[in-house]
Amino acid sequence: MTHDPRPFGRLLTAMVTPFAPDGSLDVEGAAHLATYLVDEQRNDALVVSGTTGESPTTTDAEKETLLRAVVDAVGDRAKVVAGVGTNNTAHTIELAHAAEKAGAHGVLVVTPYYNKPPQAGVAKHFLTVADSVGLPVMVYDIPHRAGVAIATETMCRIAEHDRIVAVKDAKGDLVASSEVLSRTDLAYYSGDDAATLPLLSIGGAGLVGTSTHFTGVLAKDMIEAFERGDNAAALALHRRAMPLFTGIFRVPGTMLVKAGLNAQGRPAGPVRSPLVDATGAELDQLRQDAAAAGISL
């Protein structure tokens, strides 16, 4: 089956989950933030309840409430991809079913983490989830968090499933990604902001970003410049955005995104333990990184 080469558009942001000062879910804030990311930062889609959205510390009920709020907020202006990945296949399927009922346009499924399954188990996990849900699946390959990479042969095998359509690629191996791209019709989205332009050069589809809470316009312009063949403009935009593409990860990205959004007066709130809120010094450094990219926080 030939899939849409850009099933979720070009630019997605892995949205943080706003919390109230007491740590409870800020549903209204989530709707406002989603609207800002789509209407002002030019996102084609949003990922809700990814790692940046603190999915390890939100409940299943909170995930569903958050997803419904974001779907309602963006309407038909953007797609919404629900992070449903866990290291328990049965639980992942439960979350995928809930996401489908709540109106998600796709699901993000990460490689099972901590239990480090063999490649046969990795493939079975993704194929079982894809068999169980009617939504398109974006596979998340992030070995430095999951503890296991998706091998090239495994990726090519699961790509034969008609609902496995995309990859969020945070492996950092352009050779492996190029091999998969040459053998499948999977849409590859960079899971590392700074690697977007290199991935585009070998056939990537776009970016699932973190710094794009602030760099969305820059990133979208860069992707569109590359798409129209203006490589010089794309490179210039890549270099301009690099201080924030990389600076957002000086500490876990969620911490700095929330600090930056709070500084701008946008909904974000605190992080949940075991994360800790960014320090004043870390926020100052983020402001310097943003300024170097021409962005004010």
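Residues numbered from 1 in each chain as written. Predicted model: local features only at pLDDT ≥ 70, side-chain atom pairs only at ≥ 80, totals over all residues. Heavy atoms only, no water.

### Some thoughts on the nonpolar core
Membership of the largest hydrophobic core comes to 83 residues, with the highest contact counts inside it found for Met15, Met155 and Ile164. The contacts of Met155, once residues within four sequence positions are left out, are Val139, Asp141, Ile150, Val167, Val180, Leu186 and Tyr188. Membership of the second largest hydrophobic core comes to 18 residues, among which are Val81, Ala187, Tyr189 and Val208. (Core = buried A, V, L, I, M, F, W, Y, C linked by side-chain atoms within 4.5 Å. Buried < 20%, exposed > 50% of the residue type's maximum accessible area, 1.4 Å probe, protein only. Contact = heavy atoms within 4.5 Å.)

### Description of the pairing of strand E3 (residues 79–83)
Summarising burial for E3: four of the five residues are buried, a large majority. In the sheet, strand E2 (residues 45–48) pairs with E3 via four bridges, with the strands oriented parallel. Looking across to E3, one finds that Val48 is bridged to Ala82. Crossover handedness for the path E2 to helix H2 (residues 60–74) to E3: right-handed. As paired elements, E3 and strand E4 (residues 106–110) share three bridges and run parallel to each other. In the strand pairing of E4, Val81 is matched with Gly106. Following the chain from E3 across helix H3 (residues 89–101) to the adjacent parallel E4, one finds a crossover that is right-handed. (Helix = DSSP H or I, 4+ residues; strand = E, 2+ residues; numbered from the N terminus. Pairing = 2+ DSSP bridges. Right-handed = clockwise from strand over helix to strand, strands pointing away.)

### Thoughts on the sheet that holds strand E5 (residues 137–141)
Judged by pairing direction, the barrel is parallel, and its eight strands sit side by side in the order E1-E2-E3-E4-E5-E6-E7-E8 before closing back on the first. Within the sheet, the average angular offset between the axes of one strand and its neighbour, ignoring direction, is 25 degrees. Here strand E7 (residues 187–190) runs beside strand E8 (residues 206–209); their pairing, made up of two bridges, is parallel. Bridged to Ser190 within E8 is Leu207. Across the face of the sheet, helix H4 (residues 119–132) comes into contact with E4, E5 and strand E6 (164–169) while running at roughly 160 degrees to E4. (Axes fitted to C-alpha atoms, helices over the stretch in contact; angles between N-to-C directions.)

### Comments concerning the packing of aromatic side chains
Tallying each qualifying case throughout the model produces zero aromatic pairs. Looking at Arg266, its charged tip hangs above the ring of Tyr36, at a distance of 3.8 Å from the centre. In this structure, Arg272 is placed above the aromatic ring of Phe19, and the distance from its NZ or CZ to the ring centre is 4.1 Å. (Phe/Tyr/Trp six-rings, centres within 6.5 Å; stacked < 30°, edge-to-face > 60°. Lys NZ or Arg CZ within 6 Å of the ring centre and 35° of its normal.)

### Considerations on the environment of Asp39
Secondary-structure assignment places Asp39 in helix H1 (residues 27–39). When the C-alpha positions of Asp39 and Gly209 are compared, they lie 16 Å apart, and in sequence the two are 170 residues distant. Within the structure, the side chain of Asp39 is placed 2.9 Å from the side chain of Arg77, a separation counted as a polar contact. (Polar contact = N/O pair within 3.5 Å; in protein donor to acceptor, adjacent residues only side chain to side chain.)

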